[in-house]
Amino acid sequence: GAVVSQHPSRVICKSGTSVKIECRSLDFQATTMFWYRQFPKQSLMLMATSNEGSKATYEQGVEKDKFLINHASLTLSTLTVTSAHPEDSSFYICSASLPQETQYFGPGTRLLVL
Amino acid sequence: GENVEQHPSTLSVQEGDSAVIKCTYSDSASNYFPWYKQELGKGPQLIIDIRSNVGEKKDQRIAVTLNKTAKHFSLHITETQPEDSAVYFCAASFSSGGYQKVTFGTGTKLQVIP
């Protein structure tokens, strides 16, 4: 299957700072990338969908000014959590896909905001 | 929107026994049904998928069945092994805006007892 990487795998930051998470499709060009958030023992919650070169589409209830998404190329999308607070602590997972194809997930990024 | 229900939430089986996880979906537009395995602290990994024009698909010890009329689909794992222990998510998806919009089930924690 296709390989998707995420960096960093875990990050600890102070409240009020911003954190950037990178998602890369390593062996294919992903026209669409997705960002999910997962709380402990819960399912994946879609935050936003991004297509290369266009603005991301955010799900209802997700603050676009807080969770900035950039999809600058067919192999790279970034999620920036701005002015992070402890309630933003979570497991963030990206996925990537070709048009109408399966989503392949990255290994996730554990964010802890102190 | 689509709603996916998954049962059971937890499942314990003896090594060598079979495990069955069942899901239902609500939107008849859904036409692609992937299953993901998620190990602790990792991203979901695609293990098998089925499209709506197929009733059953098998890959070694894993099989998936789909009943479009009843909007049911199931995952069957035979000859379970301890390394099958993980959380399994079913998903239902349909085409939307050039990509597959995926809705996940709530997950099943499978424990295989040696």
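Check the entry above for the structure.
Please read all numbers here as calculations on a predicted model, not as lab measurements.

J.: Explain the interface of chain A and chain B here, please?
T.: When the parts of a complex come together, some accessible area is lost, and that lost area is often used as the size of the interface. Listed as interface residues are 22 residues of chain A and, on the opposing side, 20 residues of chain B. Taken together, the two surfaces of chain A and chain B that pack against each other cover about 1,600 Å², and 51% of this comes from carbon and sulfur. Applying the counting rule to chain A against chain B returns one salt bridge. With its nearest N and O atoms 3.4 Å apart, the salt bridge here joins K101 of chain B to E59 of chain A. Inspection of the region where chain A meets chain B yields seven residue pairs in polar contact (both at pLDDT 80 or more). Looking at the side of chain A that touches chain B, the elements with two or more residues in it are strand 4 (32-38), strand 5 (44-51), strand 9 (90-97) and strand 10 (104-105) of chain A.

J.: Sorry if this is basic, but what is going on with the side chain of S97 of chain A here?
T.: Residues and elements named next belong to chain A. Its location among the elements puts S97 in strand 9. Residue classification places S97 among the buried positions, given a relative accessible area of 1%. For S97, the residues in contact, after removing those within four places along its chain, are F28, A30, T31, T32, F34, T102 and Q103.

J.: Explain the pairing of strand 8 (residues 72-77) of chain B here, please?
T.: A regular strand carries its side chains on alternate faces of the sheet. Residue and element names in this part refer to chain B. The pairing of strand 3 (residues 19-25) with strand 8 spans six bridges and is antiparallel. From the neighbouring strand, C23 faces strand 8, where its bridge partner is F73. By the bridge criterion, six bridges tie strand 7 (residues 62-67) to strand 8 in an arrangement that is antiparallel. Its bridge partner lying in strand 8, I62 is registered against I77.

J.: Explain the layout of surface pockets here, please?
T.: To find the voids left in a structure, one rolls a probe of water-molecule size over its atoms. In this model, the largest pocket occupies a volume close to 560 Å³. Split by residue class, the lining of the largest pocket holds eight nonpolar, eleven polar and five charged.

J.: When you look at the sheet that holds strand 3 (residues 19-25) of chain A in this model, what are you seeing that I'm missing?
T.: By way of backbone hydrogen bonds, the strands of a sheet pair with one another, either parallel or antiparallel. All names here are of chain A. The strand order across the open sheet formed by four strands is 1-3-8-7, and the pairing between neighbours is antiparallel. With partners counted over all chains shown, the strands left at the sheet margins are strand 1 (4-7) and strand 7 (67-73), one partner each. This sheet shows a mean twist of 15 degrees between the axes of neighbouring strands, independent of strand direction.

J.: Teacher, can you tell me more about the state of the cysteines here?
T.: Simply put, the disulfide is a covalent bond whose two ends are the sulfur atoms of two cysteines. All chains considered together, the criterion is met by two disulfides over all chains. Sulfur-sulfur distance for the disulfide between C23 of chain A and C94 of chain A comes to 2.0 Å. Its S-S torsion of about 80 degrees marks the bond between C23 of chain A and C94 of chain A as right-handed, since a negative value means left-handed. Here C23 of chain A is found in strand 3, whereas its partner C94 of chain A is found in strand 9, with 71 residues between them in sequence. Summarising the burial analysis for this pair, C23 of chain A and C94 of chain A share the class buried. What pairs with C23 of chain B in a disulfide is C90 of chain B, and their sulfur atoms sit 2.0 Å apart. As the torsion about the S-S bond is roughly -100 degrees, the C23 of chain B-C90 of chain B disulfide counts as left-handed. Placement of the pair is C23 of chain B in strand 3 and C90 of chain B in strand 9 (residues 86-96), with a sequence separation of 67 residues.

J.: Teacher, can you tell me more about the pattern of salt bridges here?
T.: Any two side chains of opposite charge can pair, given that their charged atoms come close. Applying the stated rule across the entire model yields seven salt bridges over all chains. Notably, a salt bridge pairs D88 of chain A with K66 of chain A, separated by 2.9 Å at the nearest N-O pair. Placement of the pair is D88 of chain A in the loop between strand 8 (76-81) and strand 9 and K66 of chain A in the loop between strand 6 (57-58) and strand 7, with a sequence separation of 22 residues. Given a relative accessible area of 4%, D88 of chain A falls into the buried group. When the shortest N-O distance is used, the salt bridge between R61 of chain B and D84 of chain B registers 2.9 Å. With a gap of 23 residues between them, R61 of chain B in the loop between strand 6 (56-59) and strand 7 and D84 of chain B in the loop between strand 8 and strand 9 connect regions that are remote in the sequence.

About the cut-offs
- Residues numbered from 1 in each chain as written.
- Chains lettered and ligands numbered in written order.
- Predicted model: local features only at pLDDT ≥ 70, side-chain atom pairs only at ≥ 80, totals over all residues.
- Heavy atoms only, no water.
- Contact = heavy atoms within 4.5 Å.
- Buried area = accessible area lost by both parts, 1.4 Å probe.
- Salt bridge = Lys/Arg side-chain N within 4 Å of Asp/Glu carboxyl O.
- Polar contact = N/O pair within 3.5 Å; in protein donor to acceptor, adjacent residues only side chain to side chain.
- Helix = DSSP H or I, 4+ residues; strand = E, 2+ residues; numbered from the N terminus.
- Buried < 20%, exposed > 50% of the residue type's maximum accessible area, 1.4 Å probe, protein only.
- Pairing = 2+ DSSP bridges.
- 1 Å grid on protein atoms, 1.4 Å probe; cavity = no way out; pocket = protein on both sides within 12 Å on 5 of 7 lines; lining within 4 Å.
- Points joined across faces, edges and corners; volume = space filled by probe spheres on them.
- Nonpolar A, V, L, I, M, F, W, Y, C, P; charged D, E, K, R; others polar.
- Axes fitted to C-alpha atoms, helices over the stretch in contact; angles between N-to-C directions.
- Disulfide = S-S within 2.5 Å.

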